Amino acid sequence: MTDLASSVPESAPPGKPTSASRTTLSHIMTHSDTNLLGTVHGGVIMKLVDDAAGAVAGRHSEGPAVTASMDEMVFLEPVRVGDLVHVKAQVNWTGRTSMEVGVRVLAERWNESTPPTQVGTAYLVFAAVNAEGKPRPVPPVVPETERDERRYQEAQIRRTHRLARRRAIKELRDRRAAEGLND
Ligand SMILES: CC(C)(COP(=O)(O)OP(=O)(O)OC[C@H]1O[C@@H](n2cnc3c(N)ncnc32)[C@H](O)[C@@H]1OP(=O)(O)O)[C@@H](O)C(=O)NCCC(=O)NCCS
């Protein structure tokens, strides 16, 4: 008997609003999170960023998604022991099989009711993958607010620059290889 499900080509699923997958991950920083200077290690924040973005990508694409790239991770302020860190992530933009996830990192003292300050931002690209680890189509994200729309447009600019940079570097390497410059 023919397995119809496996013979149907993977096509783009219907669109999903930004709010359907928006996620916040919160964590209190302790002494085990510090670097040699006594502030929180940047890698600890990057792990939280990747975790939150991965949850968003998985929710949006309704299945496994892997980090393809992480760029523009900016640390604006040091994070300290005793800070309650909130990592807020949402899908900014979708391609055919990839998604750009935008992340904002906020910190507030765990036991004070002062407003949180923004301590970092990051943009990550996730690719949705199937059981064989091959890219699979993702639902188009549907921006809901003016802010979502601005983020969508900005993500398109970053996408254009990422592709142009990759292409330019590949062309340079190909040219050097053609000249016999093997490094
Ligand atoms: C990411 C991965 C699935 C891409 O596979 P691939 O065979 O190169 O597939 P494609 O070239 O078709 O890329 C798939 C999508 O990802 C995007 N993409 C791939 N590499 C990218 C990169 N470095 N930066 C941004 N986007 C990227 C492509 O533009 C494409 O998007 P689109 O379909 O929306 O246009 C593959 O490289 C992989 O599995 N990498 C390892 C991921 C991983 O393990 N991450 C965790 C590290 S511990």
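Note that the structure is predicted; figures quoted are calculated from it, not measured. (Residues numbered from 1 in each chain as written. Predicted model: local features only at pLDDT ≥ 70, side-chain atom pairs only at ≥ 80, totals over all residues.)

Engineer: Just give me the short version of helix 3 (residues 146-178), but keep the residues and values in it.
Structural biologist: Relative to the 48 Å expected for 33 residues at 1.5 Å per residue, helix 3 spans 48 Å between its end C-alpha atoms, a close match to the ideal helical length. Among the residues of helix 3, those classed as buried are Asp148, Arg151 and Ala155. Packed against the buried residues of helix 3 are strand 4 (83-94) and strand 5 (98-109). Gly180 occupies a position one or two residues after helix 3 and carries a positive phi of about 80°. (Helix = DSSP H or I, 4+ residues; strand = E, 2+ residues; numbered from the N terminus. Expected span 1.5 Å × (residues − 1). Buried ≥ 20, exposed ≤ 12 C-beta atoms within 10 Å, placed from the backbone. Contact = placed C-beta atoms within 7 Å.)

Engineer: Could you give an account of the confidence of the model for the chain, with specific residues and numbers?
Structural biologist: For the chain, per-residue confidence averages 93 on the pLDDT scale, and residues scoring 70 or more make up 93% of the total. Across residues 1-9 the pLDDT falls below 50, and counting only partners more than four positions away or on other chains, this stretch makes one contact in the model. (pLDDT = per-residue confidence, 0-100.)

Engineer: Before we move on, can you summarise the nonpolar core with the specific residues and values?
Structural biologist: One finds Val49, Ala53, Val101, Val103 and Phe126 to be the most contacted residues of the largest nonpolar core, which totals 32 residues. Within the residue set of this core, elements represented by two or more residues are helix 2 (42-61), strand 4, strand 5 and strand 6 (117-128). Sort the elements by how many residues they give to this core and strand 6 lands first, with eight residues. If sequence neighbours within four positions are ignored, Val101 has contacts with Ala53, Val56, Ala57, Ala89, Gln90, Val91, Asn92, Leu124 and Phe126. (Core = buried A, V, L, I, M, F, W, Y, C linked by C-beta atoms within 7 Å.)

Engineer: Give a detailed account of the site of the ligand, specifying residues and quantitative values.
Structural biologist: If you check the shell around the ligand, you find 14 residues, and the closest are Ser69, Gly95, Arg96, Thr97 and Ser98. Among the secondary structure elements, those contributing two or more residues to the shell around the ligand are strand 3 (65-75) and strand 6. It is strand 3 that provides the largest number of residues to the shell around the ligand, a total of four residues. Classifying every residue of the shell around the ligand gives six nonpolar, six polar and two charged. (Near = placed C-beta within 6 Å. Nonpolar A, V, L, I, M, F, W, Y, C, P; charged D, E, K, R; others polar.)

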